[in-house]
Every structure is written in C-alpha cells, then in structure tokens.
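An overview of the molecular structure
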Amino acid sequence: MAAASIFYWWKVVEGGGIGFMDTNLLNPATKMEVEVASAGKKGMGLFAKTRIKKGQFLMEYAGERVDDFELFRRYGGDTENEEASYVMRVTDQEFIDCSNASRSNLARYMNHAAAKSQRCNIEKRVARKPGGAVYFFAARDIESGEELCFDYGNEYWSAKGVIPE
C-alpha cells in the first residue's frame, strides 16, 4: 500500500501572516449553488443561492496561467485596462488570467469588499509556489442571496493606483 501524500498550501492573511491549509479541505461537504447577477455600480457579481457554512470551500480561481513576460505583453502596466483586473498573482513569475470568461470560472465575478467590513465573506488562500493555485473559502456563514466578496488586497489597489472603497 502506498503512503498517502498530504499537501499543505500557504494561506494569505491580511497583514502578511501565513499559515497552512490541508488540501483535504478542498472537497465541498455540501451542495452549494451560486449565480452571476447585477451588483449595481460594480457591474456583475457572484451571489449565493444557498446557505454556505463558514470554512466551506467554494472554488478555485481558474483561468489561463501566464508568466510575467506574457502578462507584461498583454497588459504592459496599463492600469486602465479593465481586463487586467482579472489577473491574480500566484508567484512573482506566475499569474492566473481570468479576463476571458470562456477560459475561466465563476470566481472571476467575485467583487471586492474591505477585509474588516461585514460584506467581506470570502477568504482567499494562495499556494505561493510554482504551479500553485488560489482557493476561496467562506470566511463566515453566508446567507442565500448575499454577494460573495473578498478583499483584493493592497497589491491589487496599488497596481491600479486607487484607494479602495
């Protein structure tokens, strides 16, 4: 019998702290339904259609993997480019680009909410290693109808040259 492998991922925490997450947590324990709908002035957003319990895995940020050279070729530091808003860093040289809806999943529709606000109900965890990934978990119990939001982080807003609401 082969020994079971246990993988641990880095967890990004506001303020620069890190922790670990057992990848066994990546299996949703209950059925969860979400929908894309209007989020007012933010454009489209992702909303819970069922109650989601605190700690439940929601989804991975899935899209096209690009390196730093391809990222620069596509967006070249253009902070006004709306498509660049869908890029998330995994490592200094590796990014996930969800600008193309046909090559990404519903995670691209999650909007920003400041970490300390009640609207922030999603926690982002990042495996900061080559081939790593970005995962989303419920930071608190989420009721049906609530918009799913996470804190985009200072790196995102600095790159955009704006102060978040």
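Residues numbered from 1 in each chain as written. Predicted model: local features only at pLDDT ≥ 70, side-chain atom pairs only at ≥ 80, totals over all residues. Heavy atoms only, no water.

**What about the pairing of strand E10 (residues 122–126)?**
Burial of E10 is extensive: four of the five residues sit out of reach of the surface. In the sheet, E10 pairs with strand E11 (residues 134–138) via five bridges, with the strands oriented antiparallel. By the bridge assignment, Ile122 is partnered in E11 with Ala138. (Buried < 20%, exposed > 50% of the residue type's maximum accessible area, 1.4 Å probe, protein only. Helix = DSSP H or I, 4+ residues; strand = E, 2+ residues; numbered from the N terminus. Pairing = 2+ DSSP bridges.)

**Overview of the pattern of salt bridges**
Under the definition given, this model contains twelve salt bridges. Across the salt bridge formed by Lys42 and Glu147, the nearest N and O atoms sit 2.8 Å from each other. Here the residue Lys42 occupies a position in the loop between strand E3 (34–38) and strand E4 (44–48), and Glu147 occupies one in the loop between E11 and strand E12 (149–150), the gap between them amounting to 105 residues. For Lys42, a relative accessible area of 32% puts it in the partly exposed group. Among the residues examined, Glu147 registers a relative accessible area of 15% and is labelled buried. The partner of Arg89 in a salt bridge is Asp92, and the shortest N-O contact between them spans 3.1 Å. Accessibility expressed as a relative area gives 23% for Arg89, which makes it partly exposed. (Salt bridge = Lys/Arg side-chain N within 4 Å of Asp/Glu carboxyl O.)

**Regarding the side chain of Glu94**
Turning to its location among the elements, Glu94 is positioned in strand E8 (residues 94–97). Looking at Glu94, its side chain comes within polar contact range of the main-chain nitrogen of Gly131, at 2.8 Å. Sequence-distant contacts of Glu94, that is, excluding residues within four places in its chain, are made with Arg65, Val66, Arg89, Lys129, Pro130, Gly131 and Gly132. (Polar contact = N/O pair within 3.5 Å; in protein donor to acceptor, adjacent residues only side chain to side chain. Contact = heavy atoms within 4.5 Å.)

**Comments concerning the packing of aromatic side chains**
How two aromatic rings sit relative to each other is given by the distance of their centres and the angle of their planes. Under the criterion given, the structure shown has five aromatic pairs. Aromatic side chains Phe150 and Tyr152 sit 5.0 Å apart centroid to centroid with 50 degrees between the ring planes, which places their arrangement in the tilted category. The pair Phe150 / Tyr152 is uniform in exposure class, with both members buried. Connected via pairs of aromatic rings, a cluster forms that spans Tyr61, Phe136, Phe150 and Tyr152. For Arg108, the ring lying beneath its charged end belongs to Tyr86, and the centroid distance is 4.1 Å. One Lys or Arg, Arg108, reaches over the ring of Tyr109 and ends 5.1 Å from the middle of that ring. (Phe/Tyr/Trp six-rings, centres within 6.5 Å; stacked < 30°, edge-to-face > 60°. Lys NZ or Arg CZ within 6 Å of the ring centre and 35° of its normal.)

**Quick look at a nonpolar patch on the surface**
On the surface, Val36, Met44 and Leu106 cluster together to form a nonpolar patch covering roughly 220 Å² of accessible area. Along the polypeptide, Val36 turns up in strand E3. The exposure class of Val36 is partly exposed, given its relative accessible area of 32%. (Patch = residues over 30% accessible without salt bridge, like charges linked within 9 Å, V, L, I, M, F, W, Y side chains within 5 Å. Areas by Shrake-Rupley, 256 points an atom, 1.4 Å probe, with all protein chains shown as cover.)

**Focus: the confidence of the model for the protein**
The predicted model of the protein has a mean per-residue pLDDT of 78, with 73% of residues at 70 or higher. Note on residues 1–25: pLDDT is under 50 here. Beyond four places in sequence and across chains, it has 42 contacts. (pLDDT = per-residue confidence, 0-100.)

**Remarks on the nonpolar core**
Counting 23 residues, the largest nonpolar core has Leu58, Tyr61, Met110, Ile122, Val134, Phe136 and Leu148 as its most contacted members. Among the elements of the structure, E4, strand E5 (57–60), E10 and E11 are those that each provide at least two residues to this core. With three residues, E11 is the single largest residue contributor to this core. Sequence-distant contacts of Phe136, that is, excluding residues within four places in its chain, are made with Gln56, Phe57, Leu58, Met59, Tyr61, Met88, Ala107, Met110, Ile122, Glu123, Lys124 and Phe150. (Core = buried A, V, L, I, M, F, W, Y, C linked by side-chain atoms within 4.5 Å.)

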